[in-house]
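Each chain, letter by letter, is given below.
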Amino acid sequence: MKMWSGRFRQPLNPEFEHWQRSFEFDKRLLTHELGASNAHAHALREAGVLSSDELITILQGLEKIGELTTASPAFLEDPEAEDVHHFVEKQLVALVGDTGYKLHSGRSRNEQIATDLRLYVRTVIDQLRTDLAEFGYALVDCARQAKDAVMPAYTHMQRAEPVLVAHWLLAYLEMFLRDAERLADCRWRLNVCPLGSGAVAGATLPLDRRAMAASLGFGSPTANSIDATSDRDFILEFVNSLSILAMHLSRWAEEMILFSSQEFGFINLPEAYSTGSSAMPQKKNPDLLELTRGKAARVIGCATALLVTLKGLPLAYNKDLQETQEPLFDAADSMLSLVPLVTKWMKAVTFNYERMREAAQSGFINAWAAATYLVQRGVPFRLAHEQIGRAVQICLEKQCELQELSLEELQSLNPVFDRDFYVCLSLESVLSVHDVAGGTAPARVQQALSAVEERIKSICEEVHAHA
Ligand code: ARG
């Protein structure tokens, strides 16, 4: 039986009927639909609509549906179900008879889908935060293994200053920790329960909304029934958070691809996550990284589709909202499969520290430190900058580095240059100049690593507390 056929004199056009269904994709919400239905059934009992026996019958039926689904995915192949709500009602009635029809008393699919989707997003957030913590630990391990290895940092993609490899990896950790925090923030805001909102104006029965919310782990019931049934902001926030995460992963992938090219030679691509070329026998291609970049486009597309779907909708429920599900699922699936893979990639990658160090020792990467030497001897920075610039010019002509200039050459630029200048040009002293919180001096990087580890640990603890 359809959920709404009474007022219709003509049958639906079969092609249209098929086309407007959502069961093909919303069947994945089944466990949440069963959970929400369970909460509603208890509220119906409290409101005196169901007897205790009827409640037990319905609860057992719902449980059975869960079991049948776990036992065989074929159970979900229903040629008639319009959506997951219809499917559950049909199966319930098949299992327990007409009592099953009582479950829909005082509720609407509009509040049900809003509830199921919140429960779904909440579950995915918890999983992704766990996955991001794992990825974070993999980055921390790489950073610790790198010890005091050095590489150039780039601005404008030109060698700028030497940094610890660990400092570079910590930059990515900041990005991914922000992503985990954004997801937590999104979770906090979405954690309210639409049950009891009815179709738009509120339930038609005296249902205990607080009890329903509490039994599903929501912080409270939603405040307004019109908003509750039409709001999909939580999906927008979630998928936009995912698109920022995807963009971060894409930037990370881009840099790994670049650094694995023969021109850089900083990174040895792990064979288990690379592919060959059918034409060129020498090739080892960074496919995992390239697809990571590609997935970002897809997730950003989903976020855009959602915003455009919502922008013209009057209050409250409109069927357009059904179209928010597939971009949500697609974005979630993309990230759920990607984050564990990049973690494995990170665990398998090796760095060519020699090459990185060589690159950090040439190209006048110590020029700012050289100017700082003069500043510490009382030379105004603008003049120091100019004088070191001239020193660089001499080096370019002679094809050498700053530390290879003679003291006489240096003193012709400024008599304050002395022997200790050469000491301050070494890689180690250039690094230790950056001795501020957040800087690349080795002691600071050690502190940063411990701080980051604490943050990852608290993400794990928070997710654990929700479970
Ligand atoms: N399948 C629908 C959706 O995903 C469920 C809600 C249907 N509500 C309605 N009034 N037709 O949006």
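In case you missed it, the structure is sitting above this.
What counts and what doesn't
Residues numbered from 1 in each chain as written. Predicted model: local features only at pLDDT ≥ 70, side-chain atom pairs only at ≥ 80, totals over all residues. Heavy atoms only, no water. Near = heavy atom within 4 Å. Polar contact = N/O pair within 3.5 Å; in protein donor to acceptor, adjacent residues only side chain to side chain. Areas by Shrake-Rupley, 256 points an atom, 1.4 Å probe, with all protein chains shown as cover. Helix = DSSP H or I, 4+ residues; strand = E, 2+ residues; numbered from the N terminus. Buried < 20%, exposed > 50% of the residue type's maximum accessible area, 1.4 Å probe, protein only. Contact = heavy atoms within 4.5 Å. Axes fitted to C-alpha atoms, helices over the stretch in contact; angles between N-to-C directions. Parallel < 35°, antiparallel > 145°, perpendicular 65-115°, else oblique. Left-handed = near helix turned anticlockwise from the far one by under 90°. Expected span 1.5 Å × (residues − 1). Arc of directions from axis to C-beta.

J.: How do you make sense of the site of the ligand when you look at a structure like this?
T.: Around the ligand, the surrounding shell consists of S22, D83, H85, R109, N110, I113, Y317, Q322 and Q325. S22 is positioned such that a nitrogen or oxygen atom in its side chain is 3.1 Å from a nitrogen atom of the ligand. With the chains in place, 86% of the 340 Å² that the ligand exposes on its own is no longer accessible. Counting residues per element, the shell around the ligand draws most heavily on helix α6 (residues 109–145), at 3 residues.

J.: Whenever I open this one, the side chain of D83 confuses me. Can you help?
T.: Looking at where D83 falls in the secondary structure, it is placed in the loop between α4 (52–71) and α5 (84–96). A residue is classified by how much of its surface remains accessible, and D83, at 7% relative accessible area, is buried. Within the structure, D83 has its side chain in polar contact with the backbone nitrogen of H86 (distance 2.9 Å). Ignoring sequence-local partners within four residues, the contact set of D83 consists of S22, F23, D26 and R109.

J.: It is not clear to me how the packing of helix α14 (residues 367–376) against helix α15 (residues 381–398) should be interpreted in this structure. Could you clarify?
T.: Helix packing geometry: the angle between the two helix axes and the distance between the axes. Their axes nearest at 9 Å, the elements α14 and α15 cross at an angle of 130°. It follows from the interaxial angle that α14 and α15 lie oblique. Considering the relative orientation of α14 and α15, their crossing is right-handed. For the pair α14 and α15, the contacting residues are A367, W368, A370, A371, L374 and V375 in the first and F381, A384, H385, Q387 and I388 in the second.

J.: I'm lost on α4 in this one. Help?
T.: Every α-helix winds through 3.6 residues per turn, so residues three or four apart in the chain are directed the same way. If you check α4, its first and last C-alpha atoms are 28 Å apart, about what 20 residues at 1.5 Å a residue would give, namely 28 Å. Within the sequence span of α4, burial applies to E54, L55, I58, L59, G61, L62, I65 and T69. Taken end-on, α4 shows its buried residues confined to a sector of 155°, consistent with a single buried face. Looking at α4, the residues exposed on the side facing more than 90 degrees away from the buried face are D53, Q60, E63, T70 and A71.

Honestly, that's just the spatial picture; any functional story needs more than this.
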